[in-house]
Amino acid sequence: MQAVRYHDHGGTEVLAVEEVDRPTPEADEVLVDVEVAGVNPVDAKFREGGTFQPAGLPWIPGSDVAGVVAETGADVTGVREGDRVYATGLGNTRPGTCAEYVTVPTDLLAPLPGSVDIETAAATALVGVTAWQSLIEAGNLRPAETCLVHGGSGGVGHVAVQLAAATGASVTTTASTGYHDRLRELGADHVFDYRRDDLETAVTDAGAPDVILDHRFDEYLPFDTRVAAQNGRIAVIGNQSLEATHDDVPRCRGKGLSMHHVSMFNTPDTSAVLDSLASLMADGEIGAVIARRYSLDSVAEAHRAVMEDSYLGKLVVVP
């Protein structure tokens, strides 16, 4: 089969399409014929190395997949050959999805309803699980509460906006001006340019958020603690540096704020979350927007774009 691999960490130039053996599923795995793979910033970070290291080299990147079961392991129940499935959590401790086939353990996979578009499923998987863990599990977001999503046009952000709206929460988000109308269509009640001078006032006037999804906590933590409602919950999914301020601890204590560091790769039951997301996709409540499509030959360009370009939604690879 064909697969994208890198033999050394580095820039996008280390990625190459190679002919490799088709993997064989273990007893608790299925072999998926890849129809679509998602592209995420973490894929590029694993490729770059540094503090992000996959299990070994050479390595196939890619965390998300949607496709058809080609073969099942001896102990697999619940799915069978020919079933449509989608999965995430790959490309870290096990080879990724930028290939024609990938093996997936059943605890990282869920069946895909026939009404759900295959590209939408692949694009939603990682960001959907991240949004779910942030807002539902960590944030315990409830109907009629207010939710602030930083970076609403991003991969996680635009799905989090939809998920928060689906819970019945009031949704505030930030994004560049060009994305405001689309984010309102996706369920945001209030959309503000993150560069405006009076952003803090605008957010609090829209309703002090009970739950905040923050993708740059080292930059926005002071802002979050000032705008958050009493007993608010802050879910952190990323940062730009390893340094964070402790100056806002008194305000956190005074408001009774809680902070939760969330990673999709630490989800206790990925399959169950994927099942819930699949139901929401089937009902039309959520679904990642496809910004661009790439072939295996252009995965290097996809890795560049996911780290450098501005767009609303997700990038996908169609082998």
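Details of the structure are given in the entry above.
Quick summary incoming for the structure in this document.

Each value, and the rule that gives it
- Residues numbered from 1 in each chain as written.
- Predicted model: local features only at pLDDT ≥ 70, side-chain atom pairs only at ≥ 80, totals over all residues.
- Heavy atoms only, no water.
- Core = buried A, V, L, I, M, F, W, Y, C linked by side-chain atoms within 4.5 Å.
- Buried < 20%, exposed > 50% of the residue type's maximum accessible area, 1.4 Å probe, protein only.
- Helix = DSSP H or I, 4+ residues; strand = E, 2+ residues; numbered from the N terminus.
- Arc of directions from axis to C-beta.
- Contact = heavy atoms within 4.5 Å.
- Salt bridge = Lys/Arg side-chain N within 4 Å of Asp/Glu carboxyl O.
- Pairing = 2+ DSSP bridges.
- Axes fitted to C-alpha atoms, helices over the stretch in contact; angles between N-to-C directions.

With respect to the nonpolar core
Okay, step 1: Counting 86 residues, the largest nonpolar core has Tyr86, Val104, Leu135 and Leu183 as the members making the most contacts within it.
Okay, step 2: Among the elements that line this core, the one with the most residues is helix α2 (residues 118–138), at 12 residues.
Okay, step 3: Leu148, Phe192, Val203 and Val227 belong to the second largest nonpolar core, which has 16 residues in total.

Some remarks on helix α9 (residues 299–308)
Okay, step 1: Taken together, the buried positions of α9 are Val299, Ala302, His303, Ala305 and Val306. Taken down its axis, α9 places every buried residue within 165 degrees of arc, on the same side.
Okay, step 2: On its buried face, α9 is in contact with β1 (2–5), β3 (29–39), α1 (41–48), β14 (290–294) and β15 (314–317).

Regarding the pattern of salt bridges
Okay, step 1: Counted by the stated rule, this structure contains 18 salt bridges.
Okay, step 2: Its salt-bridge partner being Arg94, residue Glu29 comes within 2.5 Å of it at the nearest N-O pair. Residue Glu29 is located in strand β3, and its partner Arg94 is located in the loop between β5 (84–87) and β6 (101–105); the two are separated by 65 residues in the primary sequence.
Okay, step 3: On the accessibility criterion, Glu29 (7% relative accessible area) is buried.
Okay, step 4: Across the pair Arg182 and Glu185 runs a salt bridge, and its minimum N-O distance is 3.1 Å. A residue pair is termed a helical-turn pair when its members lie 3 or 4 positions apart in one helix, as Arg182 and Glu185 do in helix α4 (residues 180–185) at three residues.

Remarks on unusual backbone geometry
Okay, step 1: In this structure, Pro58 follows Leu57 across a cis peptide bond, with omega equal to -5 degrees.
Okay, step 2: Relative to the helices and strands, Pro58 resides in the loop between α1 and β4 (65–72).
Okay, step 3: Positive phi, normally seen in glycine, also occurs at Ala144, with a value near 75 degrees.
Okay, step 4: Mapped onto the secondary structure, Ala144 falls in the loop between α2 and β8 (146–149).
Okay, step 5: By relative accessible area, Ala144 is classed as exposed at 70%.
Okay, step 6: The phi angle at Asn231 is positive, at roughly 65 degrees, despite the residue not being glycine.
Okay, step 7: Here Asn231 shows up in the loop between α6 (217–227) and β12 (233–236).
Okay, step 8: With a relative accessible area of 48%, Asn231 lands in the partly exposed category.

Here's the deal with the sheet that holds strand β13 (residues 258–261)
Okay, step 1: One open sheet holds the six strands; their spatial order is β10-β9-β8-β11-β12-β13, and the pairing between them is parallel. Each end of this open sheet is capped by a strand with a single partner; those strands are β10 (190–192) and β13. Strand-to-strand twist of the sheet, defined as the mean angle between neighbouring strand axes without regard to direction, takes the value 15 degrees.
Okay, step 2: Here strand β9 (residues 170–174) runs beside β10; their pairing, made up of three bridges, is parallel. Looking across to β10, one finds that Thr172 is bridged to His190.
Okay, step 3: Where helix α5 (residues 199–206) meets the sheet, it contacts β8, β9 and β10, and its direction lies at approximately 175 degrees from that of β10.
Okay, step 4: Contacts from α6 reach β8, β11 (211–214), β12 and β13 within the one sheet, and its direction differs from that of β11 by about 165 degrees.

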